[in-house]
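# Coordinate inspection notes
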Amino acid sequence: MLLQGKNAVITGCLQGIGGATLENFAKNGSNVWACALTPTDEFEATCKKLAEENNVWIKPIYFDLLNQDQIKAALKQIASEKLPVHILVNIAGMTKDAIFHMISMDQMRLVFEVNFFSQMFLTQYITKLMVRQKEGSVIFISSISALDGSYGQLSYSSSKAALIGATKTLSVELAGKGVRVNAIAPGVIATDMNKVVPEDIIQGHIKQMSIKRLGEANEVSKAILFLASDLSAYITGQIIRVDGGIK
Amino acid sequence: MMEARLLEGKNAIVTGCARGIGKCIVDTLAQNGANVWACARCKNDEFENTLQALSVKYHVVVKPVYFDLVDKDQMKTAVKLIMSEKKDVDILVNNAGITYNALFQMSTIDKINEVLDVNFVSPFLFTQYIVKLMLRKKSGSIINIASSAGIDGNAGRAIYGASKAALICATKSLAEELGDQGIRANAIAPGITKTDMLASMTVEVINETVMNTDMKRAGETNDIANAVLFLASDLSSYITGQVIRVDGGM
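Residues numbered from 1 in each chain as written. Chains lettered and ligands numbered in written order. Predicted model: local features only at pLDDT ≥ 70, side-chain atom pairs only at ≥ 80, totals over all residues.

### Focus on the overall build of chain B
- Broken down by element type, chain B carries 8 helices and 7 strands.
- Relative to the 2.2 N^0.38 estimate, which gives 18 Å for 250 residues, the radius of gyration of chain B is 17 Å and therefore close to what a compact globule would have.
- In terms of its C-alpha atoms, chain B occupies a principal-axis envelope of roughly 50 × 40 × 40 Å.
- For chain B, with 250 residues in total, the buried portion stands at 50%. (Helix = DSSP H or I, 4+ residues; strand = E, 2+ residues; numbered from the N terminus. Rg over C-alpha atoms; globule rule 2.2 N^0.38 Å. Buried ≥ 20, exposed ≤ 12 C-beta atoms within 10 Å, placed from the backbone.)

Here is the structure:
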């Protein structure tokens, strides 16, 4: 129970890393505002079940990261509850892969809007609450592609690299006020995002790993759990690779 | 419902346990359910009493093992003693080390050899022995305590930093060699941490370093021990070859 009595905002809870994080947080005693793009019966049922099983509350919140008014409404809803927000995990993201010369500027702006600007907007608001409480942990999900480069992923890797700059600068600005800011850089994880990648390319990645298999969404969520918890009380401004040791 | 502890039933070896970070690591690992071979340089009643108390408090077995890192025969004897118990070794924490502050031009050959021997050669050899045991079970987690000085390079820390940089590089090579055999290897790079090692620094330098951290405080030994716990546990199952800074943002 690493997060007993904490309240967390997690985006992108519908599937993949976000879904695993929601589950791990609930199991560790955290209440969650579980953010997703659109309501589904299955998601609502999952939230309800996790809440009951773990004796926490989980509130589904819906908004489109491309719609600033919707984000604002969601934030107001969270703030109106007048509860402390201890943890923010920015997971929701997207990719539009294309080789550099084939990327339209509209596509690149779309990726940055979802992966960077919308997260800054959300984080600005939530960290205001955290600074007031003098306590908080913010976690961004960057990517090893931001650190190493990745063929055909210019928009994605650049937007994830922007999150690294934001992580470090926010840490400099906020750590003295009790708010830690870190990022995880996942490697190749078995999620829907990677299902579209051809098998030979996946096998090529695996060859370059020390741990010769894809990562599980749950393994990324366990590192998020560490950064959210007091186990990482003296860790801030860091980018932690969860990549099976890929070279 | 009794909550499952993060290291329930695991067996760990920790070096440098008499005080500071090592002492705290033993406490944290035991608290989380691990049995520990707590290594220290020389026999000490107070140390043994502490270990005994931990065993009782956390229902684990914490035992002292004595050897001097610079004495390779003593090290071998200690390894044999551990092997004779015929238990699995799941976790190795190479924590023991010495500090040394001297300007580059003032570093003496004797000190250069001593610091490299204690901080690099000894943990390297010790790990060679222990990895053999881990390979039998094809699982294990190795954690080397490096230093931010081994990444950044700092004035007066040429040899200390180089010894920790060497340890970091060995960690990465080891991770790559053993990753497909179920053994992970990672390092922790503490920043300024409240231990006896700080006595080697002036108050001005300590204050300046603290003010340079984002968090504006020095780390506690507990902060480092908790990061060790993370890397020792299944929470970090897909993390290998990494150096994690526990430095309050330097």
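That was the structure; now back to the text.
### A look at the interface of chain B and chain A
- Every contact between the two is made by 27 residues of chain B and, on the other side, 28 residues of chain A.
- If you list the elements that add at least two residues to the side of chain B that touches chain A, you get helix H6 (158–178), helix H8 (221–232) and strand E7 (243–246) of chain B.
- The greatest single-element share of the side of chain B that touches chain A, amounting to 5 residues, is contributed by H8(B). (Contact = placed C-beta atoms within 7 Å.)

### Digging into the packing of helix H3 (residues 68–80) of chain A against helix H4 (residues 105–133) of chain A
All names here are of chain A.
- H4 packs onto H3 with a crossing angle of 20° between their chain directions and a minimal axis gap of 11 Å. Classified by the angle their axes make, H3 and H4 are roughly parallel. The way H3 lies across H4 gives a crossing that is right-handed. Together, Gln68, Ile71, Leu75 and Ala79 of H3 and Ser118, Phe121, Leu122, Tyr125 and Leu129 of H4 make up the contact between the two elements.
- Looking at the contact of H3 with H4, its residues break down into 7 nonpolar, 2 polar and no charged. (Axes fitted to C-alpha atoms, helices over the stretch in contact; angles between N-to-C directions. Parallel < 35°, antiparallel > 145°, perpendicular 65-115°, else oblique. Left-handed = near helix turned anticlockwise from the far one by under 90°. Nonpolar A, V, L, I, M, F, W, Y, C, P; charged D, E, K, R; others polar.)

### Structural notes on the sheet that holds strand E1 (residues 7–10) of chain A
Residue and element names in this part refer to chain A.
- Read from one edge to the other, the open sheet built from 7 strands follows the order E3-E2-E1-E4-E5-E6-E7, with strand pairing classed as parallel. Bordering the open sheet on either side are strand E3 (58–62) and strand E7 (239–242), each of which pairs with just one other strand. Pairs of neighbouring strands in the sheet enclose a mean axial angle of 20°, with direction left out of account.
- With 4 bridges connecting them, strand E4 (residues 87–90) and strand E5 (residues 136–141) associate as parallel partners. Bridge pairing in E5 places leucine 88 opposite valine 138.
- Of the strands in this sheet, E1, E4, E5 and strand E6 (179–186) touch H4, which is tilted by about 165° from E5.
- Helix H6 (residues 154–174) rests against E5, E6 and E7 of the sheet, and its axis sits at about 160° to E6. (Pairing = 2+ DSSP bridges.)

### Comments concerning the sheet that holds strand E6 (residues 183–190) of chain B
Residues and elements named next belong to chain B.
- One open sheet accounts for 7 strands, arranged E3-E2-E1-E4-E5-E6-E7; its pairing is parallel. Either end of the sheet is taken by a strand with one partner, and the two such strands are strand E3 (62–66) and E7. Looking at each pair of strands side by side, their axes are set apart by 20° on average, direction ignored.
- As judged from the 4 bridges shared by E6 and E7, these two strands associate in the parallel manner. Bridging across to E7, proline 190 finds its partner in valine 246.

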